[in-house]
Amino acid sequence: CTLGPDYERPGPPIPPSWPVGDAYLRQTEAALPAVGYRDIFRDPRLQRIVERALANNQDLALAAANIGAAREQFRAQRGAFLPNIVASASATETDRGNGAGTGVGRAASGRQLFLNTQLGISNYEIDFFGRITSLTEAARNRFFAQEAAARSVRLLLVGDIASAWFTYAADRDLLEIAERTVRNAEQSVRLTRARLDGGIAPRTDLRQAEQVLEQARADAAQARTALAQDVNLLQLLVGAPVEATLLPSSLADVEDDVAELPAGLDSTILLRRPDVVQAEYQLRAASAQIGAARAALFPRFSLTSALGFASSTLSSLFSGDAFNWSIAPGVGYSIFQGGTASANARASEFQRDAALATYRQTIQTAFREVSDALARRGTIDEELRAQRANRTASDDNYRLSEARFRGGIDPFLQ
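Bear in mind that the values here come from a model prediction, so they are computed numbers and not experimental data. Here the residue numbering is sequential within each chain, running from 1 through the sequence in written order. It should be noted that, the model being predicted, local features are given only for residues of pLDDT at least 70 and side-chain atom pairs only at 80 or more, the latter also being counted only at that level, while totals for whole chains, interfaces and linings use all residues. Hydrogens and waters are ignored; side-chain quantities use all the structure's heavy atoms.

Trainee: Please give an account of the environment of Ser312 that cites residues and values.
Mentor: Relative to the helices and strands, Ser312 resides in the loop between strand 3 (300-311) and strand 4 (323-332). Residue Ser312 is classed as partly exposed on the basis of its relative accessible area of 41%. Between the alpha carbons of Ser312 and Phe114 there is a distance of 4.4 Å; along the sequence they are 198 residues apart. The numbering of helices and of strands both runs from the N terminus, where a helix is a DSSP run of H or I of at least 4 residues and a strand a run of E of at least 2. Exposure is judged per residue with a 1.4 Å probe applied to protein chains only, and the accessible area is read against the type maximum: over 50% gives exposed, under 20% gives buried, and values in between give partly exposed.

Next comes the structure, spelled out in structure tokens:
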């Protein structure tokens, strides 16, 4: 029998569906299929970088080591179900000395040899109240939790690499814009200096143009720094050098390389997230630990047994007369522990409550993250359209302002 509570998956503390409205994409009725990073990130260069990272990343190596440790701890705990069989052999030779006489109280003289072989079970615990069963179940669920944690690390790694890769593409564009801004500012300084020398523009126009130029040079230096840091981050995530041929040249080079993620049925799809799976297995382990703590309140039954041969001569060691055996069942119960066992049982219940709160919080956090992403995806097209219209208007305004400056109508600051 076991004394732990029967585990039931708690209901997810989130609404049954995603938020809907102007900021959200309406969900279809199609089930969410399983997708891999190759289905979403379709650029072969990015795929090669991810493949290399999955082989070399140290976070994944650490996760794999944690999985191995948890697996062996589970196997070690599971071994407690089986008896510990011990084999032993010994040979003892004694010399009683040269005693005088052979009467009563006199020691016999000469040497004596005693041979002994045994095979037995040493203090095997009979799992009557399920203590070992509960400990094994807890170890098994901690092992599964480590596997889920490794999947979470893998998922985060792929996302971080993709983010860094696309950030590099954006920073390449920003560097090109900064360098073009420097060239334009240099032309403006030359033009303004010529206008100053010709008596058309004041010196303040020249200083303003020089300020714009130096700011543009500083922005270009920062853009070069950001680009180098992007490469450093990618190499850290990959765990190996990243060739320049695997890096994008601009955003236009990669803007069509991300596929749309299919929509899901409802919010229960979050139960597939590795961090949620990990939290649930930790909750299962905490529930199983309660059974082990409760079983410690009851007596422990044990069994010790042995069979073997004992003789004073090697020739008769394995004869029938030399055979001997013993069996010793036992029971132990701590009459007074100062409330330690009861406190441990209550503590395990509080730890289960803490794991339950962590599980619910993990689901709620996942729901918030996905809802935020849906809100962003639902509005980003309109924002992009507005930004492009703003860029068109700004280009036209720049051309008009430059023409008015060149014609002497407006100052440089305009």
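Now that the structure has been shown, the text picks up again.
Trainee: Could you give an account of the packing of helix 6 (residues 274-295) against helix 7 (residues 340-406), naming the residues involved and the relevant values?
Mentor: For helices, the axis comes from a line fit to the C-alpha atoms of the stretch in contact; other axes are also lines fit to C-alpha atoms, and the angle between any two N-to-C directions lies between 0 and 180 degrees. Their axes nearest at 8 Å, the elements helix 6 and helix 7 cross at an angle of 170 degrees. One finds that helix 6 runs roughly antiparallel with respect to helix 7. Crossing hand, helix 6 versus helix 7: left-handed. Class assignment for the residues of the contact of helix 6 with helix 7 results in 13 nonpolar, seven polar and five charged. These descriptions rest on fixed angle ranges, namely under 35 degrees for roughly parallel, over 145 for roughly antiparallel, 65 to 115 for roughly perpendicular, and the rest for oblique. Helix crossings get a hand from a simple test, with the near helix turned counterclockwise from the far one by less than a right angle marking a left-handed crossing and a clockwise turn marking a right-handed one. In this count, Pro and Cys sit with the nonpolar residues alongside Ala, Val, Leu, Ile, Met, Phe, Trp and Tyr, while Asp, Glu, Lys and Arg are called charged and the others, Gly among them, polar.

Trainee: Report on a nonpolar patch on the surface, specifying residues and quantitative values.
Mentor: For patch building, the residue pool is restricted to those with more than 30% relative accessible area and no salt bridge; the joining distance is 9 Å between like charges and 5 Å between nonpolar side chains (Val, Leu, Ile, Met, Phe, Trp, Tyr). Under the convention used here, a 1.4 Å probe and the Shrake-Rupley method define accessible areas, while residue burial counts only the protein chains that appear. By salt bridge we mean one thing: a side-chain nitrogen of Lys or Arg within 4 Å of a carboxyl oxygen of Asp or Glu. On the surface, Ile85, Leu119, Leu307, Phe323, Trp325 and Ile327 cluster together into a nonpolar patch covering about 640 Å² of accessible area. Top element by residues in the nonpolar patch is strand 4. It accounts for three residues. Residue Leu119 is classed as partly exposed on the basis of its relative accessible area of 42%.

Trainee: Any chance you could break down the pairing of strand 3 for me, citing the residues and the numbers?
Mentor: Here, any two strands with at least 2 DSSP bridges between them count as paired. Pairing analysis gives ten bridges linking strand 2 (residues 111-126) to strand 3, with the strands arranged antiparallel. The residue bridging Ile121 from the neighbouring strand is Ser305, located in strand 3.

Trainee: Now, about the side chain of Ser305: what can you tell me, with residues and values included?
Mentor: Within the secondary structure, Ser305 is located in strand 3. Owing to a relative accessible area of 19%, Ser305 belongs among the buried residues under this scheme. Once residues within four sequence positions are removed from consideration, Ser305 is found in contact with Gly120, Ile121, Ser326 and Ile327. Two residues form a contact once any of their heavy atoms are found within 4.5 Å.

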